[in-house]
Amino acid sequence: MIYNRCGKSGLKLPALSLGLWHNFGEVDDFKTARAMALRAFDLGITHFDLANNYGPPPGAAEETFGKILCSDLASHRDDLIISSKAGYFMRPGPYGDLGSRKYLISSLDASLRRLRIDYVDIFYHHRPDPDTPLEETMGVLDQIVRSGKALYVGISNYDAMQTRQAARMLKSLGTPCLIHQPKYSMMERHLEGGLQQVLREEGIGCIVFSPLAQGLLTDRYLRGIPKDSRAAKPHGFLKREQVTNEKLARVRKLNDLAQRRGQTLAQLALAWVLRLPEVTSALIGASKVAQIEDSVAMLKNKAISPEELREMEAILNS
Ligand code: NDP
């Protein structure tokens, strides 16, 4: 594994981190979930990313990981970076969504109970809240670090301007913003539109989610929609109709390029997001141990030449 410094902080994160959004819920096979977490850790993936609402049902992924922590990883707590988040809908009523002090504090307490730990390494505000004053939300993140329930804090899905404001506010409170978690892949490039520069200027690390576009940027859908794939599952966030022929035409060309480089498309897609110096870690998901092994093997061949980058741009613009 390669470990990259997270922005201007003292913390290093693995170039690949494992997210538990899918495949760690109550509906999933616990044995596979456990095997994936343990294999990831054995391969040097020290960072596991969660959120209050990951499941289904919401909370189940934290419960699954709490169980694995207890049975297998308890003695490795000091070698693990565990993150959680709150900000999306968690429960009905006025205190289970968005960015108030009331919601964030109670949500983190519930996450810690499910995870069976007394602190998370990183706590995120999961998305901006248009109605709660930013001072309140950032004040909560600062309070959470001071209370010892999180070592660092971050933000996710904030745009460039919101990030600048949040970063300045957190700095003035004495709790720097460690990290931003935006969506970024060959199919989703908002990061390049201003946020990338803000992160560099503010010294904030960056962990990009869905770098494989939920599986589209892999060989998974080249021969149709497999039964065990995310797009085939009723609770999967990738919908069948998002797997279009137009996208697959580009994916096939990218797959040919990856094969010429002697690697899988998943590996090329991960190497591509990691080409940006601002990107600390690519946050992958997986449904099988072999996928994690394949993704980590990317580290042996992650340099992309300027000619290859130009070829990829041409494919993406075709
Ligand atoms: P990816 O884009 O990495 O998609 C993961 C899916 O791709 C897997 O479930 C699998 O599909 C397929 N896959 C993975 N590796 C391979 C491989 N080597 N070869 C072939 N197929 C592969 O990421 P996710 O969309 O899962 O997101 C990752 C994490 O990001 C989440 O778990 C979560 O922690 C975070 N996230 C954060 C959000 C936020 O708002 N902050 C929002 C969304 C995600 P299949 O299951 O079909 O086998």
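Residues numbered from 1 in each chain as written. Predicted model: local features only at pLDDT ≥ 70, side-chain atom pairs only at ≥ 80, totals over all residues.

**Q** I keep staring at unusual backbone geometry and nothing clicks. Help me out?
**A** For residues besides glycine, phi is generally negative; the peptide bonds are generally trans as well. The amide bond that connects Gly55 to the next residue, Pro56, takes the cis arrangement and shows omega of 0°. Tracing the backbone shows Pro56 in the loop between β4 (47–49) and α2 (60–73). The residue after Pro56, namely Pro57, is reached through a cis peptide bond having omega -5°. Note that Pro57 resides in the loop between β4 and α2. A positive phi angle, near 65°, is found at Asn157, a position not held by glycine. Topologically, Asn157 is positioned in the loop between β7 (150–156) and α5 (160–173). Among the residues examined, Asn157 registers 20 C-beta atoms within 10 Å and is labelled buried. Positive phi, normally seen in glycine, also occurs at Ala213, with a value near 50°. As for its position among the elements, Ala213 is in the loop between β9 (205–209) and α7 (245–260). Assessed through the 19 C-beta atoms surrounding it within 10 Å, Ala213 is described here as partly exposed. (Helix = DSSP H or I, 4+ residues; strand = E, 2+ residues; numbered from the N terminus. Buried ≥ 20, exposed ≤ 12 C-beta atoms within 10 Å, placed from the backbone.)

**Q** Is there a simple way to explain the pairing of strand β8 (residues 177–181) in this structure?
**A** Successive residues of a regular strand alternate their side chains across the two faces of the sheet. Within β8, 5 of the 5 residues are buried, leaving the element largely enclosed by the surrounding structure. Across 4 bridges, β7 lies against β8 in parallel orientation. Bridging from a neighbouring strand, Val153 pairs with Cys177 of β8. In this view, the connection linking β8 to its parallel neighbour β9 by way of helix α6 (residues 195–202) has right-handed handedness. (Pairing = 2+ DSSP bridges. Right-handed = clockwise from strand over helix to strand, strands pointing away.)

**Q** Even after reading the chapter, I still don't get the site of the ligand, so can you show me in this structure?
**A** The environment of the ligand is formed by 29 residues, the closest being Gly19, Trp21, Phe209, Gly215 and Gly285. Contributions of two or more residues to the shell around the ligand are made by β10 (281–284) and α9 (289–297). For the shell around the ligand, the element with the highest residue contribution is α9, accounting for 3 residues. For the shell around the ligand, the per-class residue count stands at 10 nonpolar, 15 polar and 4 charged. (Near = placed C-beta within 6 Å. Nonpolar A, V, L, I, M, F, W, Y, C, P; charged D, E, K, R; others polar.)

**Q** Honestly, the pairing of strand β3 (residues 16–19) in this entry has me stumped. Any pointers?
**A** Burial along β3 is two-sided: the face carrying Leu16 and Leu18 and the face carrying Ser17 and Gly19 are both buried. Summarising the sheet, β3 and β10 pair through 3 bridges and their orientation is parallel. Each residue of the ladder has a partner; that of Ser17, found in β10, is Leu283. Where the polypeptide runs from β3 across helix α1 (residues 30–42) and back to β4, its parallel neighbour, the crossover connection is right-handed.

**Q** I would appreciate a short explanation of the packing of α7 against helix α10 (residues 306–316) in the present structure.
**A** A pair of packed helices can be characterised by two numbers: the angle between their axes and the separation between those axes. In contact at an axis separation of 9 Å, α7 and α10 are set at 165° when each is read in the N-to-C sense. Between α7 and α10, the crossing angle belongs to the class labelled roughly antiparallel. Seen along the crossing, α7 lies across α10 with a hand that is right-handed. Residues Arg250, Lys253, Leu254 and Leu257 of α7 form the contact with α10, whose participating residues are Glu308, Glu311, Met312, Ile315 and Leu316. Of the residues in the contact of α7 with α10, the class split is 5 nonpolar, no polar and 4 charged. (Axes fitted to C-alpha atoms, helices over the stretch in contact; angles between N-to-C directions. Parallel < 35°, antiparallel > 145°, perpendicular 65-115°, else oblique. Left-handed = near helix turned anticlockwise from the far one by under 90°. Contact = placed C-beta atoms within 7 Å.)

**Q** Can you help me understand the environment of Asp28 in this one?
**A** Following the sequence through the fold, Asp28 ends up in the loop between β3 and α1. On the basis of neighbour count, Asp28 is assigned to the buried category, with 20 C-beta atoms found within 10 Å. Taking the C-alpha atoms as reference points, Asp28 and Leu16, separated by 12 residues in sequence, lie 23 Å from one another. If we skip the residues at most four places from it in the chain, Asp28 touches Asn23 and Ala33.

This is a description of form; function is not addressed.
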